[in-house]
Amino acid sequence: MAALAGCRAVRLTAPARVNSLKRSASVRQSAVRMAVPRSRGALSVAAAAKNYKITLLPGDGIGPEIMAVAKDILVEVGSQRDIAFDFTECLVGGAAIDATGVPLPPETLATCQASDAVLLAAIGGYKWDTLPADQRPEQGLLGLRAGLGVFANLRPANILPQLIDASSLKREVVEGTDIMVVRELIGGIYFGKPKGFGTDEAGNRTGFNTMVYSVPEIERIARVGFETAKKRSNRLCSVEKSNVLEVSQLWKEIVTKVHQEEYPEVELSHMYVDNAAMQIIRAPTQFDTIVTGNIFGDILSDAASMLTGSIGMLPSAAVGTDGPGLYEPVHGSAPDIAGTDKANPLAQVLSAAMMLRYQFGEEEAAAQIEKAVNDALDEGYRTGDIMSSGCTQVGCVKMGEILMEKIKA
Ligand SMILES: NC(=O)c1ccc[n+]([C@@H]2O[C@H](COP(=O)([O-])OP(=O)(O)OC[C@H]3O[C@@H](n4cnc5c(N)ncnc54)[C@H](O)[C@@H]3O)[C@@H](O)[C@H]2O)c1
Ligand SMILES: CC(C)[C@H](C(=O)O)[C@@H](O)C(=O)O
Ligand SMILES: [Mg+2]
């Protein structure tokens, strides 16, 4: 491909297999029809049975360290399964600001939009913290989510038995936790207008944002919530603040309508967000699937992450009705440990597994990666954030090597 400013093509192709029939292009799938891959190409013969175009966005802080691990794992799994990945690395966030002056260069967005999936690490850091809000690295991430139309963010928080002792809560509280937060990702207070700074009648400076949702925006995320719940234990909890906010009153009304008209078989409950934050800590196993708005989902998914031992364990998938999804850890760029080889790469690696499963329907490849993670934990390997007594502490690079051994075994 032609070199784009801020983007670098890295072609990593699996060994040739002559005479193999293949879907020549990659497969995509929609948010709601996640289990049903849709072929975009005709049958033909080529080097690898499948070829997926992936944009890699290492970003800032620990991003490049954890992305390196995930990329190596993908290449190895791909070569074992006759899958070729065409990787293109692009700049986003602070790295893009430094190189181009903006957090989301047009080349980066165009490359992401033209790919089959986007794997992001994290953006942000101290260096850019003093920039005006509209020029910060975080705007790159918001622009990317909006530009890809990925309105549904699936953030699973399930406790792995090996990590129960790494949770800050008691074993009997967290054991059995398996929550899926379905967070609306491209609306609500993050994107509502008007927003900005002003002056009130008394001459005081003000800052303001608008939390707004339209009926179609609520309907589409509600459907993802119900579909997700149906594939799990058929229970959906809609979280809002309808005792105070009009936007939440509409949210509750529309979720209830979609339930009655389209998903009466799913058990629906409603909860105020402040209570939900408390209940997630008090008794997390009461939750199965949660559907909520942008900012509430941001906060609740960080809270849920600590049930599992560390935010360094939690992957996520952001999907729209069609086109490339965005796969990223729930955590940020962890500037406090960047460059020290202390980062836990597992959320990034598990995000790559989610990409294989949700975007491409590569269930076996995804499960192979998840098993490698499980095996490494079973053998007692831990990064610092999930360390418990009796385990072996390793850095990011070493954890990557251990995963690679498991994948190759
Ligand atoms: N999706 C994203 O790119 C994303 C998400 C959240 C925050 N951020 C940005 O990241 C920067 C730092 O934000 P923050 O400190 O509030 O949140 P953070 O998630 O980066 O870090 C919070 C704490 O968790 C630890 N941590 C996070 N990920 C870890 C990992 N993989 N392994 C080990 N420890 C890990 C960090 O060391 C830190 O102590 C900010 O600029 C913020 O805007 C980006
Ligand atoms: C960095 C920030 C814009 C982002 C968000 O608020 O969505 C982050 O906290 C997340 O959870 O992905
Ligand atoms: Mg967050």
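Rules behind the numbers
Residues numbered from 1 in each chain as written. Chains lettered and ligands numbered in written order. Predicted model: local features only at pLDDT ≥ 70, side-chain atom pairs only at ≥ 80, totals over all residues. Heavy atoms only, no water. Core = buried A, V, L, I, M, F, W, Y, C linked by side-chain atoms within 4.5 Å. Buried < 20%, exposed > 50% of the residue type's maximum accessible area, 1.4 Å probe, protein only. Helix = DSSP H or I, 4+ residues; strand = E, 2+ residues; numbered from the N terminus. Domains from an automatic or database assignment. Contact = heavy atoms within 4.5 Å. Near = heavy atom within 4 Å. Polar contact = N/O pair within 3.5 Å; in protein donor to acceptor, adjacent residues only side chain to side chain. Areas by Shrake-Rupley, 256 points an atom, 1.4 Å probe, with all protein chains shown as cover. Nonpolar A, V, L, I, M, F, W, Y, C, P; charged D, E, K, R; others polar. Buried area = accessible area lost by both parts, 1.4 Å probe. Salt bridge = Lys/Arg side-chain N within 4 Å of Asp/Glu carboxyl O. pLDDT = per-residue confidence, 0-100. Phe/Tyr/Trp six-rings, centres within 6.5 Å; stacked < 30°, edge-to-face > 60°. Lys NZ or Arg CZ within 6 Å of the ring centre and 35° of its normal.

Novice: Would you explain the nonpolar core in this entry?
Specialist: Generally speaking, soluble globular proteins have nonpolar side chains that are buried together. The biggest cluster of nonpolar side chains holds 90 residues, and the ones touching the most others in it are Ile54, Leu119, Phe226, Tyr327 and Leu403. For this core, the element with the highest residue contribution is helix 10 (residues 346-359), accounting for 9 residues. Counting residues domain by domain, this core receives three or more from each of domain 1 (50-167 + 309-408) and domain 2 (177-301). Not counting the four nearest positions on each side in its chain, Tyr327 is found in contact with Ala117, Val118, Leu119, Leu120, Ser316, Ala317, Val319, Ser351, Met354, Met355, Tyr358 and Gln359.

Novice: Which parts of the structure should I look at to understand the site of ligand 1?
Specialist: Around ligand 1 there are 21 residues in total, and Glu138, Gly332, Ala334, Asp336 and Asn344 lie nearest to it. Ile123 places a main-chain nitrogen or oxygen 2.9 Å from an oxygen atom of ligand 1. Ala334 is positioned with one of its backbone polar atoms (N or O) 2.8 Å from an oxygen atom of ligand 1. Calculation on ligand 1 without its partners gives an accessible area of 800 Å², and the protein chains cover 69% of this total. Per-class residue counts for the shell around ligand 1 are 10 nonpolar, 7 polar and 4 charged.

Novice: What is the right way to look at the domain arrangement of the protein chain in this model?
Specialist: Note on interface size: it is often stated as the accessible area lost on association of the parts. Assigned domains within the protein chain: domain 1 (50-167 + 309-408) and domain 2 (177-301). The C-alpha centroid of domain 2 is placed 25 Å from the C-alpha centroid of domain 1. Interface area, domain 1 with domain 2, both sides summed: about 1,600 Å², of which 66% is carbon and sulfur. For the pair domain 1 and domain 2, the interface holds 0 salt bridges.

Novice: I'm lost on the confidence of the model for the protein chain in this one. Help?
Specialist: It should be kept in mind that the predicted coordinates are not to be read in detail where pLDDT is low. Across the protein chain, the average pLDDT comes to 90, with 89% of residues at 70 or higher. Scored below 50 in pLDDT, residues 12-46 shows 90 contacts in the model against residues more than four places distant or in partner chains. Scoring the predicted complex yields pTM 0.90 and, for the interface, ipTM 0.97.

Novice: Honestly, the site of ligand 2 in this entry has me stumped. Any pointers?
Specialist: With respect to spatial proximity, the complete set of residues near ligand 2 consists of Glu138, Arg145, Arg155, Arg183, Tyr190 and Asp298. Between ligand 2 and Arg155, the relevant distance is 2.9 Å, taken from an oxygen atom to a side-chain nitrogen or oxygen of the residue. The side chain of Arg183 places a nitrogen or oxygen atom 2.8 Å from an oxygen atom of ligand 2. Considering ligand 2 on its own, with 320 Å² of exposed area, one finds that the protein chains cover 78% of that surface. Residue composition of the shell around ligand 2, by class: 1 nonpolar, no polar and 5 charged. Lining the shell around ligand 2 are residues from two domains, each supplying at least three of them: domain 1 (50-167 + 309-408) and domain 2 (177-301).

Novice: How should the packing of aromatic side chains be read in this particular structure?
Specialist: Aromatic ring pairs: the centre-centre distance and the angle between the two ring planes describe each pair. The tally for this structure, following the rule as stated, stands at 5 aromatic pairs. Ring plane angle 40 degrees and centroid distance 6.2 Å describe the contact between Tyr52 and Phe85, whose orientation is recorded as tilted. Taken together, the positions of Tyr52 in strand 6 (residues 50-59) and Phe85 in strand 7 (residues 83-90) put the pair 33 residues apart, joining distant regions of the chain. Accessibility classification places Tyr52 together with Phe85 in one group, the buried group. Put simply, the rings of Tyr52, Phe85, Phe87 and Phe360 pair up and form one aromatic cluster. Above the ring of Tyr190, the side-chain terminus of Arg183 is found at 5.4 Å from the ring centroid. For Arg220, the ring lying beneath its charged end belongs to Phe151, and the centroid distance is 4.3 Å.

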